[in-house]
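Structure assessment
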Amino acid sequence: MDTSLLIIQTLNGLQLGLLLFLVASGLTLVFGILDFVNLAHASLYMLGAFICASLTYLVGNFFLAVLLALPLTAALGWAVERFIARPLYARDHLDHVLATFGLILVFDTAAHLIWGPEGIAVPLPPAFTGQIELSETLVIPTYRLVIIAAGLVAATGLYWMVTHTRLGMLIRAGASNRTMVAALGINIELLFGLVFALGAALAGLAGMLIAPITEASIGMGNQVIITAFVVIIVGGIGSMKGAFIAALLIGLIDTLGRSFLDDIFKLVMSPDAAENSAPALSAMLIYIIMACVLALKPQGLFPPKVR
Amino acid sequence: MSPRTIATLVAMALLAVLPPVFYFTGNAFWLDLATRLTILANAAVSLNLILGYGGLVSFGHAAYVGLGAYAVGIPAYHWLYGGLEDLGLATTSGLVQIPLAMAVCALFALVTGAICLRTKGVYFIMITMAFAQMVYYAIVSIEEYGGDDGLVIDTRSELPSINLDDPLQLFGLAYVSLLVAMLIVRMVTRSRFGMVLRGAKGNAERVQMMGLNTYAYRLTAYVISGAMAGYAGALLGNFTTFISPEMMDWTRSGELMFMVILGGGGTTGGPVLGAAAFIILEEWLSHYTIYWHLPFGLLLIAVVLFTRGGLMGFFRGRK
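Let us look at the structure shown here. Being a predicted model, the structure only gives us computed values, none of them experimental.

**Observations regarding the overall build of chain A**
Of the regular secondary structure elements, chain A holds eleven helices and two strands. Going residue by residue from the N terminus, the α and β elements of chain A occur as α-α-α-α-β-β-α-α-α-α-α-α-α. Its C-alpha atoms give chain A a radius of gyration of 20 Å, near enough to 19 Å, the size a compact globule of 307 residues would have. In chain A, which comprises 307 residues, the proportion classed as buried is 55%. Contacts in chain A between residues far apart in sequence, at least 24 positions, make up 77% of those at least 6 positions apart. For chain A, the exposed surface amounts to about 12700 Å²; the carbon and sulfur share of it is 67%. Placing the 13 positive and 16 negative side-chain charges of chain A at their respective mean positions leaves the two points 18 Å apart.

**Looking at the interface of chain B and chain A**
On the side of chain A, 45 residues touch chain B, which itself brings 37 residues to the contact. Taken together, both faces of the contact between chain B and chain A bury some 3700 Å²; the carbon and sulfur share is 82%. At the junction of chain B and chain A, the tally comes to zero salt bridges. At the surface where chain B touches chain A, the tally comes to seven residue pairs in polar contact (both at pLDDT 80 or more). For the side of chain B that touches chain A, the secondary structure elements donating two or more residues are α5 (121-140), α10 (250-263) and α12 (293-306) of chain B. Ranked by the residues each element gives to the side of chain B that touches chain A, the list is headed by α5(B), at twelve residues. Of the residues that constitute the side of chain B that touches chain A, the class distribution is 27 nonpolar, seven polar and three charged.

**Looking at the packing of aromatic side chains**
Applying the stated criterion across every chain yields a total of 27 aromatic pairs over all chains. With 5.9 Å between their ring centres and 20° between their planes, Tyr287(A) and Tyr137(B) make a pair best called stacked. One end of the pair, Tyr287(A), is in helix α11 (residues 271-296); the other, Tyr137(B), is in helix α5, on a second chain. On the basis of an interplanar angle of 85° and a centroid distance of 6.4 Å, the ring pair of Tyr64(B) and Tyr222(B) is categorised as edge-to-face.

What counts, and at which threshold
Residues numbered from 1 in each chain as written. Chains lettered and ligands numbered in written order. Predicted model: local features only at pLDDT ≥ 70, side-chain atom pairs only at ≥ 80, totals over all residues. Heavy atoms only, no water. Helix = DSSP H or I, 4+ residues; strand = E, 2+ residues; numbered from the N terminus. Rg over C-alpha atoms; globule rule 2.2 N^0.38 Å. Buried < 20%, exposed > 50% of the residue type's maximum accessible area, 1.4 Å probe, protein only. Contact = heavy atoms within 4.5 Å. Areas by Shrake-Rupley, 256 points an atom, 1.4 Å probe, with all protein chains shown as cover. Lys, Arg positive; Asp, Glu negative; His and termini not counted. Charge placed at Lys NZ, Arg CZ, Asp CG, Glu CD. Buried area = accessible area lost by both parts, 1.4 Å probe. Salt bridge = Lys/Arg side-chain N within 4 Å of Asp/Glu carboxyl O. Polar contact = N/O pair within 3.5 Å; in protein donor to acceptor, adjacent residues only side chain to side chain. Nonpolar A, V, L, I, M, F, W, Y, C, P; charged D, E, K, R; others polar. Phe/Tyr/Trp six-rings, centres within 6.5 Å; stacked < 30°, edge-to-face > 60°.

See the structure below:
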C-alpha cells in the first residue's frame, strides 16, 4: 500500500464526507426541528447542480453562478415547505416519506423536461484547473481542495449560526420544544420556512460544488440521499455534531474501502477470492456500518439530548 | 356485508373475469398487464401484513421480491451452464425454486428483522432500506449472474400440471396465489396473533404491560411477510423471465409502499386496489407522454395530502 495513494484517497474521502455533510446537515435541520422526513432533499442537490450549470453558461463565471443559484435553491426549498411539508407536519412519518417520494418523481421529470435526458458538464473554473505536486507520485487537483475548504467554511458557518445567532437560538429552541417556542410569540411558520430554505441551499451548494467533477445529471440525488440518510442515522437523527462526524466517517470509510479493501483482503485470503469479494463488500460497507451502529446503539452515535 | 367487503369482492371478480376475456378477444397485452398487476398485488398484500396491520414501515420490501426472483433465475442458470449440482440447486423445478425463494427470504427477514426491530420510527424505515441496499449491491457485484445487466431466465419454473409458458395458466397461478395470500393475511390478522400485532401498532407499551413479547410477535410477522414477498418474487421472475438488481432498487420499495397506502393499509382488499390503480395509471399515463412520472408524482402527493385511508377510505361502512 503506497503512502501517496493513501493520502490522495484520504483527501477524496474528506471531500466526499464534507459534501455529504452539506446534504445531511439540511436533512438533520429539517428532521431535528420540524420532525419532517424529506426524501426529496437530494432533489434540491440535483436542482442546485442543474441551475448552477445553466447559470455558468449564461453568465460565464462559475462562482457568480453559484452565488446566483444559492438563493434560487433556497427559494425552491421554501416552496416545498409551504406547499408540501407544512400540511403534513401533523401526520406520521409514513406520509412524509410517500409525499416526498412523489416529489422526487416530479423533480426528476421536471429536470428531464427542462434540461433534457443528458447531463450537463460544467467546466472547471480556470483558476482551479491546476494541480498541486507535492512529490512525483503525489498530485492533488486544486479543485478538490477548494471543495474541502468550501465544505469546512459552510460547516463552520453553520456551527456559528446555530450557536451564536438569534436564528440559531430559535432553531435550537425549536428542536427541543417547538410548542413552547410558538407559545413565546415566535413566528414559527417563518422559522420553519427559513430552516427549510437553509437546508435546501446547503444541499444545492453540495450539488453545485460537485457539478464540475461529475456533471449535473438526472437522478444524481437518488444515490446521495440514501447515503445522507445513512449519515444522519449513524450520527443520531437531529444531532448536527453527529451528522458532521458521521459524514466524515462515512466519506472516509466508503472511499478508502473502495480503494484498499482488496489489498487488506489479500493479507488473509487468496488473491482471487480477494478480487472477487472486495468490490461487493466495499459497496456494502457503509450499510454494514450503519446496521452495526444501530444494532448496538439504536439511537445512533450521538443522539440529541432533548427529544 | 360491509361496503368494503363488497368493493373487494367486486374487484377480485373483475380481476378474475376480465383478463381471460381480453385474452380470448385477441388483446394478449391486457392479460400481460393483469398478470403483472396480480403479481405486484401479491407483494403488496405481503407488505400490508406488517405495514398496514403491524405499523412496521418496511422500506426494503423490494429486496424480498428481488431475492425471490433470483431464487428462480440462479438455479435455472446453473441447470443450463453447470455448477451447484451437488447442492441440488441446478434445477428448473418450481417445487425446488419456489420453496427456496420463500426459505431464503424468510431467513433474510429473520436475521435482518432481528436487528431492525430493535429500532423504531424513522430508524426502522431507514435500516430496512439499508439492508435492501446491501442485497442490491451484493447482487450488482456478482458478475456471474450478470451484475448490473441482469440475468435472463432461460426456462420458467416447471410445475406439475401447470405450464407457466402459457400466459393464461401463469395468470391463473398468480390470481389463485393472490386469493390465498389475501386469505392468509386475513386469517393471521384476525387470529390472537394478529390481535397482538395490531394492538402493538396502536400502543406497544400497553401490550407489553399485559406480559406479551411484542418483539417476538413482530419478528414472526416480519418473517411471514418476507416469505410471502419472496413467493411473489418467484412469480415475477417467471413472468418477466428477466431479473436484474433494478428490481430491488429502493424506489421499487417506495412503489410497493405507495400501492399499500393508495389502496388502504390494514384492509384485505386495499393492497389489491392500490396495485391495480398504480399499474393502470402507470400504463395510461405512459401511453400519453414519456414524462408520465410528473403527473404521477403530483398525483401521489395529492393522494397523501388529501385522502385518508386510501381508496378503501371511499368504501367506509356505516357504524
